[in-house]
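Summary of structural features
Residues per chain, in single letters:
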Amino acid sequence: MKIAYTMTEGRGELDLLLANFAETLRLRGVRTSGIVQINTEHDSSHRCDMDVKVLPDGPEVRISQYLGKDSKGCRLNPEALETAAAKVSQSMENPFDIFILNKFGKQEADGRGFRDMIGTALDKGAAVLVGTNAMNEQKLIDFSGGIATSVAPTPEALLSWFETPAASE
């Protein structure tokens, strides 16, 4: 089994890194599955819209909801995220080489979201790459049974990790 995670500090950097990585792999003929996030920035009166793209070629699903310019609450639309998850699950019926998840977040840490799909991807022999943050890093490591590898958040490091055979291969 080959599972890794990466983390970044800046707002939106992880989403861009993983979306670009998925596109690089697609252009190289690698079969991808999973989901990446694409943010659309707005002026200061409205925070960015969050959309996810189901790999390899869509659809895109808006997972954010506009709660007003002064809102401090979570903008994630759980129903939209479930819709995206169902589309990813459906796409996993096709062969793939790598499963990419934009974020192992609160939903996955609590046993929901895309967690089962990570296990399915590993069972199918695919590599798995997930983005996470410091708050959920240990939960991801625990979920992986301690086998998840931390990879530097650079295109070169991600590509090197992917191209290196798993220890059991």
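Look up: the structure comes first, before these words.
In what follows, the accompanying structure is described. Residue indices follow the written sequence of each chain, beginning from 1 at its first position. Note on the predicted model: pLDDT of at least 70 is required for a residue's local features to be given, and 80 or more for side-chain atom pairs to be given and counted; whole-chain, interface and lining totals, by contrast, use all residues. Calculation of side-chain values draws on the structure's entire complement of heavy atoms; hydrogens and water are dropped beforehand.

Bringing the nonpolar core into the picture now. For this analysis, a nonpolar core means a set of buried residues of the types Ala, Val, Leu, Ile, Met, Phe, Trp, Tyr and Cys, connected via side-chain atoms within 4.5 Å. Using a 1.4 Å probe on the protein chains alone, a residue whose accessible area is under 20% of its type maximum counts as buried, one over 50% counts as exposed, and one in between counts as partly exposed. Among the nonpolar cores identified, the biggest contains 29 residues, and Val 88, Phe 99, Phe 114, Ile 118, Val 128 and Val 130 are the most heavily contacted of them. Here the element with the most residues in this core is helix α2 (residues 78-91); it accounts for five residues. Should any heavy atoms of two residues lie within 4.5 Å, those residues are considered in contact. The contacts of Ile 118, once residues within four sequence positions are left out, are Ile 3, Phe 99, Leu 101, Phe 104, Val 128, Val 130 and Phe 143. Among the nonpolar cores identified, the runner-up in size contains 19 residues, and Leu 17, Leu 18, Leu 159 and Trp 161 belong to it. Only runs of H or I of at least four residues qualify as helices and only runs of E of at least two qualify as strands under DSSP, and these elements are numbered from the N terminus.

The next subject is helix α4 (residues 115-123). Among all positions of α4, only Met 117, Ile 118, Ala 121 and Leu 122 are buried. Mapping the buried residues of α4 onto a view down its axis gives an arc of 140 degrees, with all of them on the same face. What points out from α4, more than 90 degrees from its buried face, is the exposed set Asp 116 and Asp 123. Turning to α4, the residues buried within the fold contact β1 (3-6), α2, β5 (98-101), β6 (127-131) and α5 (134-143). A positive phi of about 85 degrees marks Gly 125, the residue just after α4. Picture the helix axis, draw a direction to every C-beta atom, and the arc is the one those directions span.

With that settled, the discussion passes to the pattern of salt bridges. Whenever Lys or Arg places a side-chain nitrogen within 4 Å of a carboxyl oxygen from Asp or Glu, that contact is recorded as a salt bridge. Under the counting rule described, the total for this entry stands at six salt bridges. Between Glu 163 and Arg 28 there is a salt bridge, with its nearest N and O atoms 2.9 Å apart. With Glu 163 in helix α6 (residues 155-163) and Arg 28 in the loop between α1 (13-27) and β2 (32-40), this residue pair connects regions lying 135 residues apart in the sequence. Between Asp 97 and Arg 31 there is a salt bridge, and its shortest N-O distance comes to 2.8 Å. Here Arg 31 lies in the loop between α1 and β2 and Asp 97 lies in the loop between α2 and β5, a separation of 66 residues in the sequence. The exposure class of Asp 97 is partly exposed, given its relative accessible area of 26%. Within this structure, Lys 106, Asp 110 and Arg 112 form a network of salt bridges that share partners.

Looking now at the environment of Ala 19. Within the secondary structure, Ala 19 is located in helix α1. Here the alpha-carbon distance between Ala 19 and Leu 55, two residues 36 residues apart in the chain, equals 9.7 Å.

Stacked, tilted and edge-to-face are the three classes assigned to paired rings of Phe, Tyr and Trp, where Trp is represented by its six-membered ring and a pair needs centres within 6.5 Å; plane angles under 30 degrees give stacked, over 60 edge-to-face, the rest tilted. Applying the stated criterion across every chain, the model contains two aromatic pairs. On the basis of an interplanar angle of 50 degrees and a centroid distance of 6.4 Å, the ring pair of Trp 161 and Phe 162 is categorised as tilted. Residues Trp 161 and Phe 162 agree in their burial class; the two are buried.

For helices, the fitted line uses only the C-alpha atoms of the stretch in contact; every axis is such a line through C-alpha atoms, and the angle between N-to-C directions lies from 0 to 180 degrees. Contact geometry of α1 with α6 gives a least axis separation of 10 Å together with a crossing angle of 50 degrees. For the element pair α1 / α6, the angle class is oblique. Note on packing geometry: the crossing formed by α1 with α6 is right-handed. Of α6, the residues touching α1 (which contributes Leu 17, Leu 18, Phe 21 and Leu 25) are Pro 155, Leu 158, Leu 159 and Phe 162. All residues other than Ala, Val, Leu, Ile, Met, Phe, Trp, Tyr, Cys, Pro, Asp, Glu, Lys and Arg, Gly among them, are scored as polar; the first ten of these are nonpolar and the last four charged. Taken together, the residues that form the contact of α1 with α6 break down as eight nonpolar, no polar and no charged. Any angle that is under 35 degrees is reported as roughly parallel, and any over 145 degrees as roughly antiparallel; angles of 65 to 115 degrees are reported as roughly perpendicular and all others as oblique. Crossing handedness follows the turn of the near helix against the far one: under a right angle anticlockwise gives a left-handed crossing, and clockwise gives a right-handed one.

These figures come from the coordinates and say nothing about function on their own.
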